[in-house]
Amino acid sequence: MRKKAVAIGLVSVGLGYGLWRGWETGLERTWQGLFGSPDLGPVEFATLKRRSTPNDALICSADICPQAQPDAESPVFPVPKDRLRGIVSDVVLAEPGTRLLDRGQEQDRYLVRTRLMRYPDTVVVQVFDRGQDASTLALYSRSQIGRSDFGVNRRRIERWVARIGALAARQQS
């Protein structure tokens, strides 16, 4: 009797997981069918103009994003540009629901999906040289769907910058 209960439990868990994954994949297809590709494309930080809706976030230095009002100033990290780009990639790809869309010559573009509803957000990252063994970055995260994101994009990129800073500091010492 006990073996039968365990078998039924395992089948139920497997079925539940299968239904959940199917639902998750179905949501992603639904959003793409309704709103198009979740990749919102690259960004030119020098000419970037922020959205009028509160569903984006920007961390950038004033000299890099002169036409945009950033949510926060980007710090200068004590590592060279190429090393910072690698650290950024490590931090970003460690985030659940995140995948690399494009690794360009200067910019990297990521797709981040929210946990429950699988809403897609595009995050563009570009690293800039700040002299010998120093660099900074610009991060722009924007939602494809909805008028407001309840601060999700801003909290995400602030969390990433904190993690990037911690890793860069460890690399320096």
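Read on for an overview of the structure.

Rules behind the numbers
- Residues numbered from 1 in each chain as written.
- Predicted model: local features only at pLDDT ≥ 70, side-chain atom pairs only at ≥ 80, totals over all residues.
- Heavy atoms only, no water.
- Axes fitted to C-alpha atoms, helices over the stretch in contact; angles between N-to-C directions.
- Helix = DSSP H or I, 4+ residues; strand = E, 2+ residues; numbered from the N terminus.
- Parallel < 35°, antiparallel > 145°, perpendicular 65-115°, else oblique.
- Left-handed = near helix turned anticlockwise from the far one by under 90°.
- Contact = heavy atoms within 4.5 Å.
- Nonpolar A, V, L, I, M, F, W, Y, C, P; charged D, E, K, R; others polar.
- Core = buried A, V, L, I, M, F, W, Y, C linked by side-chain atoms within 4.5 Å.
- Buried < 20%, exposed > 50% of the residue type's maximum accessible area, 1.4 Å probe, protein only.
- Salt bridge = Lys/Arg side-chain N within 4 Å of Asp/Glu carboxyl O.

Our next topic: the packing of helix H2 (residues 81–93) against helix H3 (residues 152–172). Axis separation between H2 and H3 bottoms out at 9 Å; the angle between their running directions is 130°. Taken together, the axes of H2 and H3 lie oblique to each other. Here H2 runs over H3; the crossing is right-handed. Residue-level contacts link Arg83, Leu84, Ile87, Val88, Val91 and Val92 of H2 to Trp160, Arg163, Ile164, Leu167, Ala168 and Gln171 of H3. Here the residues of the contact of H2 with H3 are counted per class, giving 9 nonpolar, 1 polar and 2 charged.

Here we come to the nonpolar core. Grouped together as the largest cluster of nonpolar side chains are 21 residues, with contacts concentrated most on Phe77, Leu84, Val123, Leu137, Leu139, Trp160 and Ile164. Leave out the neighbours within four places in its chain, and Leu139 touches Phe45, Ala57, Leu58, Ile59, Val123, Val124, Val125, Ile157, Trp160 and Val161. By size, the runner-up hydrophobic cluster in this structure holds 12 residues, among which are Phe45, Cys60, Val124 and Phe128.

Overall, the coordinates contain 15 salt bridges when judged by the stated rule. A salt bridge links Asp71 to Arg154, with the shortest nitrogen-to-oxygen separation between them at 3.9 Å. One end of the pair, Asp71, is in the loop between strand S1 (56–59) and H2; the other, Arg154, is in helix H3, with 83 residues separating them in the sequence. A salt bridge links Glu158 to Arg154, with the nearest nitrogen and oxygen atoms 2.9 Å apart. Of the two residues, Glu158 and Arg154 both sit in helix H3, 4 residues apart, roughly one turn of that helix. According to the relative accessible area criterion, Arg154 is partly exposed, its value standing at 36%.

All we've got here are geometric facts, nothing functional implied.
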